[in-house]
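Letter by letter, the chains look like this.
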Amino acid sequence: MTDLSEEESLAGRQVALIDLLDRLLNGGAVLTGDLVLSVADVDLVRINLRAVIHSITPDDPAPW
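So, a few notes on the structure that sits alongside this text. (Residues numbered from 1 in each chain as written. Predicted model: local features only at pLDDT ≥ 70, side-chain atom pairs only at ≥ 80, totals over all residues. Heavy atoms only, no water.)

**Here's the deal with the pairing of strand β2 (residues 42-53)**
To be explicit about the condition: Each pair of strands is called paired provided DSSP finds at least two bridges between the two strands. For helices the rule is a DSSP run of H or I covering at least 4 residues; for strands it is a run of E covering at least 2, with both sets numbered from the N terminus onward.
Taken together, the eleven bridges between strand β1 (residues 29-39) and β2 define a ladder with antiparallel strand orientation. Following the sheet pairing, Ser-38 is matched in β2 by Asp-43. What sits between the antiparallel neighbours β1 and β2 is a turn of two residues, in which Ala-40 has the positive phi angle 55°.

**Things to note about the environment of Leu-49**
Quick reminder of the rule: A simple rule labels every residue: compare its accessible area, found with a 1.4 Å probe on the protein chains alone, to the largest value its type can have, and call it buried under 20%, exposed over 50%, or partly exposed in between. We call two residues in contact whenever any of their non-hydrogen atoms come within 4.5 Å of each other.
Structurally, the position occupied by Leu-49 is in strand β2. Since its relative accessible area comes to 45%, Leu-49 is described here as partly exposed. Sequence spacing of Leu-49 and Gly-33 is 16 residues, and the spatial spacing of their C-alpha atoms is 5.0 Å. The residues contacting Leu-49, other than those within four sequence positions of it, are Leu-31, Thr-32 and Gly-33.

**Focus: a nonpolar patch on the surface**
The test is simple: Candidates for patches are residues over 30% relative accessible area with no salt bridge; among them, like charges are joined within 9 Å and nonpolar side chains (Val, Leu, Ile, Met, Phe, Trp, Tyr) within 5 Å. Only the protein chains shown count as cover for residues, with accessible areas throughout obtained via the Shrake-Rupley method and a probe of 1.4 Å. Salt bridges are identified by distance alone: a Lys or Arg side-chain nitrogen within 4 Å of an Asp or Glu carboxyl oxygen.
A surface patch of nonpolar side chains, amounting to about 620 Å² of accessible area, comprises Leu-35, Leu-37, Val-39, Val-42, Leu-44, Val-45 and Ile-47. Secondary structure elements with two or more residues in the nonpolar patch: β1 and β2. Considering each element in turn, the nonpolar patch owes the most residues, four residues, to β2.

**Quick notes on the environment of Ala-29**
Relative to the helices and strands, Ala-29 is located in strand β1. For Ala-29, a relative accessible area of 16% puts it in the buried group. Residues Ala-29 and Ser-55, 26 residues apart in the sequence, show an inter-C-alpha distance of 9.9 Å. Every residue in contact with Ala-29, bar those within four places of it in the chain, is listed here: Leu-24, Ala-51, Val-52 and Ile-53.

Put into structure tokens, the structure is as follows:
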């Protein structure tokens, strides 16, 4: 768990994309979303997104 003072110090500075990806892959992330396209209250297209992003290491191998 991160320290609150560390989070506050990160809030005011710019973070490189590679640093952000490194943090996401170290801790993992879950992405969820729903998109519905409709016309006149008739649902035409429904898209559900469920994705888990996590790095794979020799200590924590892939499940497949």
